[in-house]
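Fold and contact review
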Amino acid sequence: MQVSVPFAPDQASTYSGEVDALYGFLWALTIGVGAVLTILIIYFAVKYRRRTEDEIPKAVEGSLKLEVVWTVIPFFIAMGIFTWGASIYYKRYSPPSEALDVYVVAKQWMWKFQHLDGQREINELHIPVGRKIKLTMTTEDVIHSLFVPAFRLKMDVVPGKYSSIWFQPTEAGRYHLFCAEYCGTSHSGMIGWIDVMEPSEYQSWLSGGSGEALAASGEKLFQQLGCVTCHRSDGQGRGPILEGLFGKEAALQGGQKVTADEAYVRESILNPKAKVVEGYQPIMPTFQGLVTEEQLLQLVAYVKSIGKTQTGTNPAGASPSPPNKMGAAAVPTGPPQTGRSGGAEAKKPR
Ligand code: CUA
């Protein structure tokens, strides 16, 4: 579905063709309808022109048939455009689980990128061609908007929450990155590059990095901040076990459920009382102001990594809920296997 739009940016992601096709259709429709209307206006102006000074035109009755036709056809065209656009929208805002995670923190006036392996970049992002990439984005100050025209990718980055979007680059190359939301004096300078590399090049680029893996930084923080004293992997802590939590459903007080995603982890750190896990007391203090957005992302990456570890080592998957449902003082019957392997995982890097 490669539609080539002249004067449009490169097509460098799987979305590019889809977005351009929709955009091309809107152009064609606009030009088509505009042309038909223009021709009709000219034709009617000539055909029904006034022929004599005292001519009185015949009265025109309405036509139900015509009115139905010009109501029903545009209705279906409009709904078709809506469905078409919505399908693209839903696809791009529902990241696949196998996507490569990249964390983005915007601030006046720069883009900071963190890779899972620990590489950090400013105003430049290196990614491998052909891989699905998921961006989890937030900002330290005002609203920004990440815009990469060649990928047909644009997403607002809003203070106090995570925005996520995913894409899949199809062509290696260097593509412009812009901020597309006016954010102050140097808004126009908040630009950068996305470097899409061949997988082998990307591997060597990755190995050149010296940073500590994001989850490892997160684990250090987890201990420094004392989280580990309550969120113990053996289930004896005053807080819920976090091993195996990520991506699962957590049962909350009041019978609600929540999917443990990035936003939930973030909220639970900054506003722990917002969603209290069933069987636990709302005793956790807030960490608002104690951790930066970047540190929050490290903590999220850590919780995510121990979530994955669990599902990986325990495919039969002692059902997702036990660790969450279990009260602090509950007898350690069900979850021990979860606890044990989680504990082993957690101890290894120390
Ligand atoms: Cu950031 Cu405009």
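Structure: see above.
Summarised in this report is the structure supplied together with it. Predicted, not measured: the structure shown is a model, and the values here were computed from it. (Residues numbered from 1 in each chain as written. Predicted model: local features only at pLDDT ≥ 70, side-chain atom pairs only at ≥ 80, totals over all residues. Heavy atoms only, no water.)

With that settled, the discussion passes to the overall build of the protein. Along the protein, the regular secondary structure elements total nine helices and twelve strands. In the protein, 67% of the contacts between residues at least 6 apart in sequence involve partners at least 24 apart. Put simply, the protein shows about 19300 Å² of open surface, and 61% of that area lies on carbon and sulfur atoms. (Helix = DSSP H or I, 4+ residues; strand = E, 2+ residues; numbered from the N terminus. Contact = heavy atoms within 4.5 Å. Areas by Shrake-Rupley, 256 points an atom, 1.4 Å probe, with all protein chains shown as cover.)

Next up on the list: the sheet that holds strand β5 (residues 133-139). Taken in spatial order, the five strands of this open sheet run β3-β2-β1-β5-β8, and their pairing is mixed. The open sheet has two edge strands, β3 (120-122) and β8 (163-167), and neither has a second partner. Adjacent strand axes in the sheet meet at a mean angle of 25 degrees when their direction is disregarded. (Pairing = 2+ DSSP bridges. Axes fitted to C-alpha atoms, helices over the stretch in contact; angles between N-to-C directions.)

In this section: the pattern of salt bridges. Taken as a whole and assessed by the stated rule, the structure comprises twelve salt bridges. A salt bridge links D101 to K304; the nearest nitrogen and oxygen atoms lie 2.6 Å apart. Of this pair, D101 sits in strand β1 (residues 100-107) while K304 sits in helix α7 (residues 293-313); the two residues are 203 residues apart in sequence, bridging distant segments of the chain. Each member of the pair, D101 as well as K304, carries the same accessibility label: buried. Through salt bridges that share partners, D101, K134, E262 and K304 make up one connected network. (Salt bridge = Lys/Arg side-chain N within 4 Å of Asp/Glu carboxyl O. Buried < 20%, exposed > 50% of the residue type's maximum accessible area, 1.4 Å probe, protein only.)

Another aspect to go through is the layout of surface pockets. Within this model, the largest pocket holds a volume of roughly 620 Å³. As for the largest pocket, its lining consists of 32 residues, and the residues nearest its centre are H231, P240, S268, P272 and M284. When contributions to the lining of the largest pocket are tallied by element, the ones reaching two or more residues are α5 (227-230), α6 (262-270) and α7. Take the lining of the largest pocket: its biggest share by element is four residues, from α6. (1 Å grid on protein atoms, 1.4 Å probe; cavity = no way out; pocket = protein on both sides within 12 Å on 5 of 7 lines; lining within 4 Å. Points joined across faces, edges and corners; volume = space filled by probe spheres on them.)

Each aromatic ring pair is summarised here by two numbers: the centre-to-centre distance and the angle between the ring planes. Scanning the entire structure with this criterion turns up 13 aromatic pairs. Both rings, one in Y89 and one in Y90, keep their centres 5.6 Å apart while their planes meet at 90 degrees; by these two values the pair is edge-to-face. For Y90, a relative accessible area of 57% corresponds to the exposed category. An aromatic cluster of at least three residues, connected via ring pairs, comprises Y43, F44 and Y48. It is K154 that lies over the ring of F147; its NZ or CZ is 5.3 Å from the centre. Taking the ring centre of Y162 as reference, the NZ or CZ of R266 above it sits at 5.0 Å. (Phe/Tyr/Trp six-rings, centres within 6.5 Å; stacked < 30°, edge-to-face > 60°. Lys NZ or Arg CZ within 6 Å of the ring centre and 35° of its normal.)

Right, let's get into helix α1 (residues 14-47). Spanning 34 residues, α1 covers 50 Å between terminal C-alpha atoms, matching the ideal 50 Å at 1.5 Å per step. All buried positions along α1 are accounted for by Y15, S16, G17, E18, D20, A21 and L22. Two or three places before Y15, at the start of α1, stands the capping residue S13, its side-chain oxygen 3.1 Å from that residue's backbone nitrogen. (Expected span 1.5 Å × (residues − 1). Polar contact = N/O pair within 3.5 Å; in protein donor to acceptor, adjacent residues only side chain to side chain.)

One recurring pattern in soluble globular proteins: nonpolar side chains tend to sit buried together. Among the nonpolar cores identified, the biggest contains 34 residues, and W111, L135 and F151 are the most heavily contacted of them. For this core, the element with the most residues is β1, which contributes four residues. Judged by nonpolar contacts, the second largest core, of 30 residues, contains L242, L252, V258 and A301. (Core = buried A, V, L, I, M, F, W, Y, C linked by side-chain atoms within 4.5 Å.)

With that out of the way, let us pick up the sheet that holds strand β4 (residues 124-128). Reading across from one edge, β4-β10-β9-β6-β7 is the order of the five strands in this open sheet, with mixed pairing throughout. Both outer strands of the open sheet, β4 and β7 (153-157), are each paired with one neighbouring strand and no more. Within the sheet, the average angular offset between the axes of one strand and its neighbour, ignoring direction, is 20 degrees. With five bridges connecting them, β4 and strand β10 (residues 192-197) associate as parallel partners.

Right, let's get into a nonpolar patch on the surface. Side chains of V33, V36, L37, L40, I41, I42, Y43, F44, V46 and Y48 sit close together on the surface and give an oily, nonpolar patch of about 990 Å² of accessible area. By secondary structure assignment, the location of L37 is in helix α1. (Patch = residues over 30% accessible without salt bridge, like charges linked within 9 Å, V, L, I, M, F, W, Y side chains within 5 Å.)

Summarising the element assignment, H144 is placed in strand β6 (residues 144-148). H144 has contacts with A106, K107, Q108, W111, T139, M155, D156, V157, C179, E181, C183 and M190, leaving out every residue within four places of it along the chain.

Our focus in this paragraph is the packing of α1 against helix α2 (residues 64-92). Viewed as axis vectors pointing N to C, α1 and α2 meet at an angle of 165 degrees, and their least axial separation amounts to 11 Å. In this view, α1 runs roughly antiparallel relative to α2, as classed from their interaxial angle. Seen from above, α1 lies across α2 with left-handed handedness. Of α2, the residues touching α1 (which contributes Y15, E18, V19, A21, L22, F25, L26 and L29) are I77, I81, W84, G85, I88, K91 and R92. (Parallel < 35°, antiparallel > 145°, perpendicular 65-115°, else oblique. Left-handed = near helix turned anticlockwise from the far one by under 90°.)

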